[in-house]
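Listed below, chain by chain, are the residues.
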Amino acid sequence: MAENEKVTAEKTTNSKPKATPAALAEPSKPGFDWTSLNSLSAVSFASALSGVGSLVAVITGHIALAQLKISGESGRKLALIGVVLGYVQLVVILLFSILAVIAQVALFSLLGSEPGSWMNFVDMRNGMRFDWG
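Residues numbered from 1 in each chain as written. Predicted model: local features only at pLDDT ≥ 70, side-chain atom pairs only at ≥ 80, totals over all residues. Heavy atoms only, no water.

**Quick notes on the overall build of the chain**
Heads up, the condition is: Counting from the N terminus, the helices are the DSSP runs of H or I reaching at least four residues and the strands are the DSSP runs of E reaching at least two. Think of it in three bands: with a 1.4 Å probe and only protein chains considered, a residue is buried below 20% of the maximum accessible area for its type, exposed above 50%, and partly exposed in between. The contact rule is simple, with two residues in contact once any of their heavy atoms fall within 4.5 Å. Here the open area of atoms and residues is found with the Shrake-Rupley method and a 1.4 Å probe, where only the protein chains shown may cover a residue.
If you tally the helices and strands in the chain, you get 5 helices and 2 strands. Counting helices and strands in the order they occur from the N terminus, the chain gives β-β-α-α-α-α-α. Taking all 133 residues of the chain together, the buried fraction comes to 18%. For the chain, restricting intrachain contacts to residue pairs at least 6 apart in sequence, the fraction spanning at least 24 positions comes to 53%. For the chain, the exposed surface amounts to about 10,700 Å²; the carbon and sulfur share of it is 66%.

Next up, the structure:
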């Protein structure tokens with residue numbers, strides 16, 4: 001071949017690319033391009049995994065999904081996982097909070113109407129006299 005000829009993958013009649021020496025010599029690209037990763041999607045995923053940043057995961061995940069529609073960057077799966085895990089964590093926190101309030105109300109209804117009245121049981125115990133006969 002002449003040196004000024006451009007060596008590329010040529011198409012044959014059955015539309016399969018023909019491997020040329022220049023195409024074989026090129027290094028293969030990695031499967032994931034880290035330079036085009038949306039940083040907010042990574043923040044959403046990391047804060048959802050931490051467990052304490054559920055609200056941060058939801059907010060940054062939604063912002064990342066909106067940015068990904070426009071920019072075409074990678075990281076959609078990370079943002080979706082961050083949003084889903086963030087919502088799941090928020091629901092779990094809400095359920096535990098509701099259960100804690102219910103337990104507190106039940107405890108106060110059993111022990112007395114005022115929140116401080118159950119503290120007087122120590123004084124009542126000290127004042128009790130038992131006749132052992």
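From this point, the narrative continues.
**Observations concerning the packing of helix α2 (residues 39–50) against helix α3 (residues 54–71)**
Heads up, the rule is: Geometry is summarised by axes, namely lines fitted to C-alpha atoms with helices restricted to the contacting stretch, and by angles between N-to-C directions that run from 0 to 180 degrees. Roughly parallel means an angle under 35 degrees; roughly antiparallel means over 145; roughly perpendicular covers 65 to 115; every other angle is labelled oblique. Left-handed describes a crossing in which the near helix is turned anticlockwise from the far one by less than a right angle; the clockwise case is right-handed. Under the scheme applied here, ten amino acids are nonpolar (Ala, Val, Leu, Ile, Met, Phe, Trp, Tyr, Cys and Pro), four are charged (Asp, Glu, Lys and Arg), and all others, including Gly, are polar.
At a minimum axis distance of 8 Å, the contact between α2 and α3 shows a crossing angle of 155°. Classified by the interaxial angle, the pair formed by α2 and α3 is roughly antiparallel. Considering how the two elements wind past one another, α2 and α3 form a crossing that is left-handed. Here L40, S41, V43, S44, S47 and A48 of α2 come into contact with α3, specifically with S54, V56, A57, T60, G61, I63, A64 and Q67. Within the contact of α2 with α3, the residues separate by chemical class into 7 nonpolar, 7 polar and no charged.

**So, α2**
Side chains that are three or four residues apart share a direction in an α-helix, a result of its 3.6 residues per turn. This is how it is decided: Residue count minus one, scaled by 1.5 Å, sets the expected span of a helix. Note: the arc covers the axis-to-C-beta directions of the helix.
Taking 1.5 Å as the rise per residue, α2 with 12 residues should run 16 Å; its terminal C-alpha atoms sit 17 Å apart, in good agreement. Among all positions of α2, only S41, S44, S47 and A48 are buried. Down the axis of α2, the buried side of the element spans an arc of 135°, and every buried residue falls inside it. For α2, the exposed residues set more than 90 degrees away from the buried face come down to S39 and L49.

**As for the environment of V43**
Of note, V43 is situated in helix α2. Of the residues examined, V43 reaches a relative accessible area of 38% and is grouped as partly exposed. Taking the C-alpha atoms as reference points, V43 and L78, separated by 35 residues in sequence, lie 8.9 Å from one another.

**Here we look at α3**
Given a rise of 1.5 Å per residue, 18 residues ought to cover 26 Å, and the 25 Å separating the end C-alpha atoms of α3 matches this to within 8%. Turning to α3, its buried residues are S54, A57, V58, T60, G61, A64, L65 and L68. Phi turns positive, to about 80°, at G72, one or two residues after α3.

**Re a nonpolar patch on the surface**
Using the following cut-off: Excluding any residue in a salt bridge, patches collect residues exceeding 30% relative accessible area, merging like charges within 9 Å and nonpolar Val, Leu, Ile, Met, Phe, Trp and Tyr side chains within 5 Å. Definition used for salt bridges: Asp or Glu carboxyl oxygen within 4 Å of a side-chain nitrogen of Lys or Arg.
Together, V84, V88, V92, L94, F96, I98, L99 and I102 give the surface a local cluster of nonpolar side chains, amounting to about 760 Å² of exposed area. You can see L94 is positioned in helix α4 (residues 76–111).

**Details of the environment of Q67**
Note that Q67 resides in helix α3. By relative accessible area, which is 35% here, Q67 ends up partly exposed. Beyond its immediate stretch of four places on either side in the chain, Q67 contacts N38, L40 and G72.

**Quick look at the confidence of the model for the chain**
Operational definition: As a per-residue quantity, pLDDT reports the predictor's confidence and falls between 0 and 100.
Summing up the model confidence of the chain, the mean pLDDT is 76 and the portion of residues at 70 or higher is 57%. α3 holds the highest mean pLDDT among the elements of the chain, 93, whereas strand β1 (residues 10–11) holds the lowest, 49. Under a pLDDT of 50 for its full length, residues 8–12 has, in the predicted model, 9 contacts with residues more than four places off or in other chains.

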